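Each chain, letter by letter, is given below.
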Amino acid sequence: MDRKLVAEWLGTFSLLATVIGSGIMADRLSGGNVAIALLGNTIPTGAILVVLIMVFGPISGAHFNPAVTLSFALRREISAGAAGLYVVAQVLGGIAGVLAAHVMFDHPVIDASTTVRTGLGQWVGEFVATFGLVGTILACLKARPEAVPMAVGLYITAAYWFTSSTSFANPAVTIARSFSDTFAGISPGDVAVFVAVQLVAAVLATGFFGWLLKEDRGA
């Protein structure tokens, strides 16, 4: 279990260092063009997910996401106790990744976000993003397990652009990004609803795709 928790901590650390670091770099180099800044934030995030899932998948399953861990717990593929430890490692790793990005870019280490992300459109965006992410993982695990890293990376790359919230789709990422008043941040006051929506989406996606992917014994 120790190796699994370290893998979850380090993977989520690396994910958030990438999300925040690339957000800062993109914002600084985009000349005020928000579309270019978002693109500069999107590509590294999708790319690092492919790498991290390939590296840490054999060790911990490469969840890096409490919503994904919840899904696997509901499917009884991870115990409740182990799931709780995974979530702690993910949240702490994510926060550490944010702080590391701040240090790398000479940004104040502790800097709560002031970026407001709220409203029905944003919440629906988070529901769609998380539902689709969990569905992507479950469907690929059944049909083509080797494709999971690429599928997740591509899904998040797309969801950055087709969802109104830019696809956080991850409670640990959401919590960690509230510690960063940068391009990728979210106001601490907006975190709770985002996380609630993500968890609900994960539960519903687990149930729906469990039904959708169930083999027909009569076939």
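Right above here is the structure, for reference.
Residues numbered from 1 in each chain as written. Predicted model: local features only at pLDDT ≥ 70, side-chain atom pairs only at ≥ 80, totals over all residues. Heavy atoms only, no water.

Some details on the overall build of the chain
A count of helices and strands for the chain gives eight helices and zero strands. Listing the helices and strands of the chain from first to last along the sequence gives α-α-α-α-α-α-α-α. In terms of its C-alpha atoms, the chain occupies a principal-axis envelope of roughly 60 × 40 × 30 Å. Counting across all 219 residues of the chain, residues that qualify as buried make up 52%. Once local pairs closer than 6 in sequence are excluded, the contacts in the chain between residues at least 24 apart make up 77%. Accessible surface, the chain as shown: approximately 10000 Å² in total, 70% of it carbon and sulfur. A gap of 11 Å separates the mean positions of the 11 positive and 12 negative side-chain charges of the chain. (Helix = DSSP H or I, 4+ residues; strand = E, 2+ residues; numbered from the N terminus. Buried < 20%, exposed > 50% of the residue type's maximum accessible area, 1.4 Å probe, protein only. Contact = heavy atoms within 4.5 Å. Areas by Shrake-Rupley, 256 points an atom, 1.4 Å probe, with all protein chains shown as cover. Lys, Arg positive; Asp, Glu negative; His and termini not counted. Charge placed at Lys NZ, Arg CZ, Asp CG, Glu CD.)

A word on unusual backbone geometry
Here Ala-62, not a glycine, exhibits a phi torsion of approximately 55 degrees, which is positive. Position of Ala-62 among the secondary structure elements: in the loop between α2 (34–60) and α3 (66–74). Positive phi, normally seen in glycine, also occurs at Asp-106, with a value near 55 degrees. Within the element layout of this structure, Asp-106 appears in the loop between α4 (80–104) and α5 (120–143).

A few points about the packing of aromatic side chains
Scanning the entire structure with this criterion turns up nine aromatic pairs. Summarising the aromatic geometry, the rings of Phe-168 and Phe-194 are spaced 5.3 Å apart at their centres and angled 70 degrees between planes, so their arrangement reads as edge-to-face. Remark: Phe-194 occurs in helix α8 (residues 191–212) and Phe-168 occurs in the loop between α6 (148–162) and α7 (171–177); sequence separation between them is 26 residues. There is no split in this pair, since Phe-168 and Phe-194 are both buried. Consider the rings of Phe-208 and Trp-211, whose centres lie 5.8 Å apart with planes at 45 degrees: the pair is tilted. Here the residue Phe-208 and the residue Trp-211 both occupy positions in helix α8, the gap between them amounting to three residues, near one helical turn. (Phe/Tyr/Trp six-rings, centres within 6.5 Å; stacked < 30°, edge-to-face > 60°.)

As for the side chain of His-102
Relative to the assigned elements, His-102 resides in helix α4. Residues within four places of His-102 in sequence aside, it is in contact with Ile-20, Ile-24, His-107, Pro-108, Val-109, Asp-111, Phe-179, Ser-180 and Thr-182.

Let's talk about the pattern of salt bridges
Going through the model one piece at a time under the given rule, you end up with two salt bridges. Two residues, Arg-144 and Glu-146, come together in a salt bridge whose shortest N-O distance is 3.1 Å. For the pair Arg-144 and Glu-146, one class covers both residues: exposed. (Salt bridge = Lys/Arg side-chain N within 4 Å of Asp/Glu carboxyl O.)

Some points on the nonpolar core
Across soluble globular proteins, nonpolar side chains have a tendency to be buried as a group. Leu-15, Ile-20, Leu-133 and Val-152 are the most contacted members of the largest nonpolar core, which has 42 residues in total. The set of elements that each furnish at least two residues to this core consists of α1 (2–29), α2, α3, α4, α5, α6 and α7. Examining the composition of this core, we find that eight residues originate from one element, α4, more than from any other. What Val-152 contacts, discounting residues up to four positions off in sequence, is Leu-49, Ile-53, Leu-133, Thr-136 and Ile-137. In this structure, Leu-138, Ala-202, Ala-205 and Phe-209 belong to the second largest nonpolar core, which totals six residues. (Core = buried A, V, L, I, M, F, W, Y, C linked by side-chain atoms within 4.5 Å.)

Side note on the side chain of Arg-177
Relative to the helices and strands, Arg-177 resides in helix α7. Of the side chains bearing the opposite charge, Glu-126 lies closest to the buried Arg-177, which forms no salt bridge; the N-O distance is 7.4 Å. From its side chain, Arg-177 meets the backbone oxygen of Ala-184 in a polar contact 2.5 Å long. (Polar contact = N/O pair within 3.5 Å; in protein donor to acceptor, adjacent residues only side chain to side chain.)

Here we look at α4
Along its 25 residues, α4 runs 36 Å from first to last C-alpha, staying within 8% of the 36 Å computed at 1.5 Å per residue. Phi turns positive one or two residues past the end of α4, at Asp-106, with a value near 55 degrees. (Expected span 1.5 Å × (residues − 1).)

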